[in-house]
Amino acid sequence: MKKSFPKGLFFALCYFFYTSIYLSRINLSMASPALLEDGVLTEVELGFIGSAFSVIYAIGRLCNGVLGDRLAPWVMVSAGLLGTGIANMFIGVLPPYLLILGLWCINAFAQSMLWSALLRCITAIYGREEANRKATILVSSVSAGNIGSILLSSVLVSNFGVSAAFYVPGAVCVICGVTAMYILRQVPDTDRIKVQKSTGFGPLLRNREMRGMLVPAMVHGAVRDNVSLWMVVYFLDRFAIDLKSSAWYVLLIPLIGMTARLAYPLCYKWSRQREHLISLYSFGACVVFAGILCLQPSVPIVTALCLSMLYALVSMVNTSLTSVFPLRFTAQNMVSSVSGVSDFFTYIGSGIGQAVYGFVVAQFGYLPMFLSWVVLSLVSVLLVLRQKPFALIEV
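Anyway, here's the lowdown on the structure attached to this text. All figures in this text were calculated on a predicted structure; none of them were measured in a lab. (Residues numbered from 1 in each chain as written. Predicted model: local features only at pLDDT ≥ 70, side-chain atom pairs only at ≥ 80, totals over all residues. Heavy atoms only, no water.)

**Considerations on the overall build of the chain**
Per the secondary structure count, the chain includes 18 helices and zero strands. For the chain, the residues scored as buried account for 55% of the 395 residues in total. At a minimum sequence separation of 6, the contacts of the chain that also span at least 24 residues come to 84%. Element-wise, carbon and sulfur atoms account for 67% of the exposed surface of the chain, whose accessible area totals about 16,900 Å². (Helix = DSSP H or I, 4+ residues; strand = E, 2+ residues; numbered from the N terminus. Buried < 20%, exposed > 50% of the residue type's maximum accessible area, 1.4 Å probe, protein only. Contact = heavy atoms within 4.5 Å. Areas by Shrake-Rupley, 256 points an atom, 1.4 Å probe, with all protein chains shown as cover.)

**Quick look at the nonpolar core**
Ranked by internal contacts, the top residues of the largest apolar core, which has 108 residues, are Phe10, Tyr18, Val77, Leu184, Trp230 and Trp373. Sequence-distant contacts of Val77, that is, excluding residues within four places in its chain, are made with Phe17, Leu114, Ala117, Leu118, Ala180 and Leu184. Tyr264, Ile278, Met316 and Val324 belong to the second largest nonpolar core, which has six residues in total. (Core = buried A, V, L, I, M, F, W, Y, C linked by side-chain atoms within 4.5 Å.)

**So, unusual backbone geometry**
The residue Leu94 is not glycine, and still its phi comes out positive at about 60°. Mapping Leu94 onto the fold places it in the loop between helix H4 (73-91) and helix H5 (97-111). On the basis of relative accessibility, which here comes to 26%, the residue Leu94 falls in the partly exposed class. Of note, the phi angle at Gln296 is positive, near 50°, even though the residue is not glycine. Relative to the helices and strands, Gln296 is located in the loop between helix H15 (275-294) and helix H16 (300-324). When its relative accessible area of 34% is taken as the criterion, Gln296 is described as partly exposed.

**Some words on a nonpolar patch on the surface**
On the surface, Val288, Ile292, Val299, Ile301, Val302 and Leu305 cluster together to form a nonpolar patch covering roughly 420 Å² of accessible area. Counting residues per element, the ones that place at least two in the nonpolar patch are H15 and H16. Sort the elements by how many residues they give to the nonpolar patch and H16 lands first, with three residues. Along the polypeptide, Ile301 turns up in helix H16. Exposure remark for Ile301: the relative accessible area of 37% places this residue in the partly exposed category. (Patch = residues over 30% accessible without salt bridge, like charges linked within 9 Å, V, L, I, M, F, W, Y side chains within 5 Å. Salt bridge = Lys/Arg side-chain N within 4 Å of Asp/Glu carboxyl O.)

**A look at helix H8 (residues 141-160)**
Counting along an α-helix, one turn takes 3.6 residues, and residues three or four places apart therefore face a common direction. Over its 20 residues, H8 extends 26 Å from the first C-alpha to the last, a length consistent with the 28 Å expected when each residue adds 1.5 Å. Inspection of H8 places Ser141, Val142, Ser143, Gly145, Asn146, Ile147, Ser149, Ile150, Ser153, Ser154, Leu156 and Val157 among the buried residues, and these make up the whole buried set. (Expected span 1.5 Å × (residues − 1).)

**Re the packing of aromatic side chains**
According to the stated counting rule, one finds 14 aromatic pairs in the structure shown. Centroid distance Tyr234 to Tyr366: 4.7 Å. Interplanar angle 75°. Geometry classified as edge-to-face. You can see Tyr234 sitting in helix H12 (residues 214-239) and its partner Tyr366 sitting in the loop between helix H17 (335-364) and helix H18 (367-385), a full 132 residues away along the chain. The exposure class assigned to Tyr234 is buried, which follows from its relative accessible area of 4%. Each ring, one from Trp270 and one from Tyr281, has its centre 6.1 Å from the other, and the planes form 40°; the classification is tilted. (Phe/Tyr/Trp six-rings, centres within 6.5 Å; stacked < 30°, edge-to-face > 60°.)

**Some points on the side chain of Ser51**
When you line up the elements, Ser51 lands in helix H3 (residues 43-67). What Ser51 contacts, discounting residues up to four positions off in sequence, is Gly351, Ile352, Gln354 and Ala355.

**Remarks on the pattern of salt bridges**
For the structure shown, the criterion picks out two salt bridges. Where Asp343 meets Arg61, a salt bridge forms, and the shortest distance between an N and an O atom there is 2.7 Å. Taken together, the residues span a long stretch of sequence, with Asp343 in helix H17 and Arg61 in helix H3 at a distance of 282 residues. You'll find Asp343 and Arg61 in the same group, each marked buried. When the shortest N-O distance is used, the salt bridge between Asp225 and Arg224 registers 3.1 Å. Classification of Asp225 by relative accessible area gives buried; the value is 14%. Since its relative accessible area comes to 6%, Arg224 is described here as buried.

So this is what it looks like as structure tokens:
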């Protein structure tokens, strides 16, 4: 990279690039009460839109992982940001449901183009050892984007209307895409890593340890993304709180989630590098907090804390499954494949959950959704126990 462009500023831009796509993801959740009230969408349609995002994003993570090894990082990042921005700006017109669904699918695929490309950029600039540390910081941009989107979208919807919640984040992504097109061109391409020929996904899925984590991956995806999707609507339905007031409650969710991601290295050290142990305790705690939600507490702050803890706990599971667990497959040269498969099943679980919960919430309310989180978390506890989480990792 040219010396005139400081590495610190480069990293800050990469951080903001990834943060910006969450401004164009959580905005749907924040705008959902107005979209439902105005008759633009129904609960079932909202659930399908969220489900479609998860499925398309999952497919995109697999496809763009391969494509990202063949194209320059700036191409992937700028194309992803521009696609995200343009799709959101068109949604701001509030077209018919099917067009919103199609545009949200474009948004999903475009957002799936960024993560791997940004990691390649950081590796090229900092070197692989330093890039590992930078990546743990970059992950927090997910929570930062959630927080920023809640604050920004609530202001936009309350003061400028629901369309602004899509126009403004979309414009931000377009500006970021143009900026990335210029800045990331200066990044030297990462060196190709010579590895053994991949054995493909078939043998990987026949691996006992890998298969044992697929259901927990789907469960934590279903819980995490449905907390994000339904949190605002639930507060308005349950407590009749306006958008400005509810924003302060739902803001706790990504704040505590961000704290969990930042605390993961300490938990990993405490567990003596046993990521399955962290997942076990996290799923166990999910049973408790989802159980409290089943009691439908009448105090908003109690509900907010329960949802926040659920989001934080599944964020811990997410780090274990998609960042740490894949490192067990280093010797087989399958770290990227395992990470991609874990993420794929995470978003498949999310997509199935959002589609099903759209019907469930519309017909029976929120209690069945909370009950299902209790049952699914219990199942995940049993499956993680089969991975011998208390056994020390041999170095």
